Amino acid sequence: MLGTYVEELGALGETPDGMYRFMYDEAWQQARDALLRWIDDAGLEGRVDAVGNVFGRLPGSGDGVVLTGSHVDTVPSGGKYDGALGVVGGLAALAALRAQHGTPVRTLEVVALCEEESSRFPANFFGTRGMLGLIAPDEPDRLRDREGVLLADAMRQAGLDPAAVASAERHDLRAFLELHIEQGRVLADEGVDVGLVEVIPGIAWETVTVRGRQDHAGATPMDLRRDALQAAAQMAREITTAVEQEGRPAVVTTGRWTVEPGQPSIVPGLARFSVDLRHPDLGVRDRLLDTVHRICATVAERHGVEVEIVRDKDEEPATMDADLLDVLRGSAEECGASWRRMPSGAGHDSQLMASRVPTAMVFVPSVEGRSHTPAEYTSPADCVRGASVLATALHHLAW
Ligand code: HGY
Ligand code: MN
Ligand code: MN
Ligand code: MN
């Protein structure tokens, strides 16, 4: 069943260039509808909340909810396992627990979080923020995607009421477990079955906009130019060198570029690039951000261009709950899975959920550590093993 779910979910938004399933788009709506069918087939109670999180509920006799799940959206040109495995693995776990043990004491729920990747709207962790009451009332009427579509309009188009966002907030969550692919190569290289995540890095996104002078590519001598792209490229190079010199686990990526007007015969007047900077220590992350800002100012001065930096995302690092990690360790051993404690390189909803609810993550190997690419792959055996460890832990927590 798990493999079928992975493949069928992976067909929704699949293109020759990988997965494109973004919050509230057509593929996302098809995924929502498929998940509600599968939730019903599993004998669970299906529900969609005000921001589009899809829940499958196995009601318990006592109070409090143990939640598992992950995000249903993907990055552009993404893989079939990032987020999706935590959703369908949680669904398979609850279906198996219901079949084997009937009614739990604590209610169990699996959630397909509506958004985590910020692929369409800059709405980072929108599903988790909905559950924690962290969505500002004006966000649906303020955020737009790169086509200019207003978040509120996209919500309405998906059958949601942007004015009802506050009703997604929950106060009954007692624990959150997220099954996820590692997206790195530690488990694969060491031949370890599962990873018990101890810390998730702090992530900062910034947009650096460089304004030079648009000129003729033929008639403007090199020494008279104020080429925005050359200055931006120098900034990106020096930023990357600085983070390389900081050493692991610091990472920086300048993955999204805009150059205007983008005509071969024109010296670019504007260049814009993204900075994704991560470190598990908030102080180090912020010290490196200061370095980024200093480099941009120095290079701008040298090239006679203007630079503007905007913060787009600011996620703090999070330490996972020690007691839940111990439950996951015991569950791995019960399942005969080898395990190791490890940090996450990727960001996850769990890093925000951990600010309010005891939270822990369990990783399964990514073949060759590849992720955020159509090459992303985790073997069926590893998927099933991860779901079994998750189910065993949920059994301990809910019965
Ligand atoms: O970027 C990340 O680490 C996550 O996939 N959003
Ligand atoms: Mn991702
Ligand atoms: Mn993910
Ligand atoms: Mn996540």
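Report on the accompanying structure. Being a predicted model, the structure only gives us computed values, none of them experimental. Numbering of residues begins from 1 in every chain and follows the order in which that chain's sequence is written. Both sets of labels track the order of writing: A upward for chains, 1 upward for ligands. Whole-chain, interface and lining totals are the exception, using all residues; otherwise, since this is a predicted model, local features are given only for residues with pLDDT of at least 70 and side-chain atom pairs are given and counted only at 80 or more. Hydrogens and water are ignored here; the side-chain numbers use all heavy atoms of the structure.

A few words on the coordination of the manganese ion (ligand 3). Here the manganese ion (ligand 3) is held by H71 (NE2), D82 (OD) and H180 (NE2), and the distances to it run 2.1 to 2.3 Å. Along the chain, the residues donating to the manganese ion (ligand 3) are arranged with the sequence spacing H-x10-D-x97-H. Atoms of type N, O and S within 2.8 Å of a metal are treated as its donors, and for Na, K and Ca the window is 3.2 Å; water is not considered, so some sites may appear to be missing partners. Between the two metal centres, the manganese ion (ligand 3) and the manganese ion (ligand 2), the spacing is 3.5 Å, with D82 acting as a shared donor. Highlighted residues: D82 in the loop between β5 (65-71) and α3 (84-101) and H180 in strand β7 (residues 173-181), separated in sequence by 98 residues. Going along the chain from the N terminus, every DSSP run of H or I of four or more residues is numbered as a helix, and every run of E of two or more is numbered as a strand.

Every helix has an expected span of 1.5 Å times one less than the residues it contains. Taking 1.5 Å of rise per residue, 19 residues should cover 27 Å, and helix α7 (residues 228-246) covers 27 Å from first to last C-alpha, within 8% of that figure. Relative accessibility under 20% of the residue-type maximum defines a buried residue, over 50% an exposed one, and the middle range a partly exposed one, all with a 1.4 Å probe and only protein chains included. Those residues of α7 lying buried are A228, A231, A232, M235, A236, I239, T240, A242 and V243. All buried residues of α7 lie within an arc of 170° about the axis, which places them on one face of the element. Set apart from the buried face of α7 by more than 90 degrees, the exposed residues are E244 and Q245. Among the structural elements, β9 (202-211), β11 (251-253), β12 (257-260), β14 (270-279), α8 (282-303) and β15 (306-315) are those in contact with the buried residues of α7. Residues adjacent in sequence count toward polar contacts only when both atoms are side-chain atoms; beyond that, a polar contact is any pair of N or O atoms within 3.5 Å, and within protein one must be able to donate a hydrogen and the other to accept it. Near the N-terminus of α7, the side chain that reaches the backbone nitrogen of L229, with its oxygen 2.9 Å away, is that of D227. Two residues or fewer past α7, G247 is found with a positive phi of approximately 85°. What the arc measures is the spread of directions leading from the helix axis to the C-beta atoms. Whether two residues touch is decided by their heavy atoms; if any such pair falls within 4.5 Å, the residues are in contact.

Attention shifts here to the pairing of strand β3 (residues 45-48). Here a strand pair is declared whenever DSSP counts at least two bridges between the two strands. Of the pairings in the sheet, the one linking β3 to strand β4 (residues 54-58) comprises 4 bridges and is antiparallel in character. From the neighbouring strand, V48 faces β4, where its bridge partner is V54. What sits between the antiparallel neighbours β3 and β4 is a turn of 5 residues, in which G52 has the positive phi angle 100°.

Coordinates in, geometry out; function isn't part of it.
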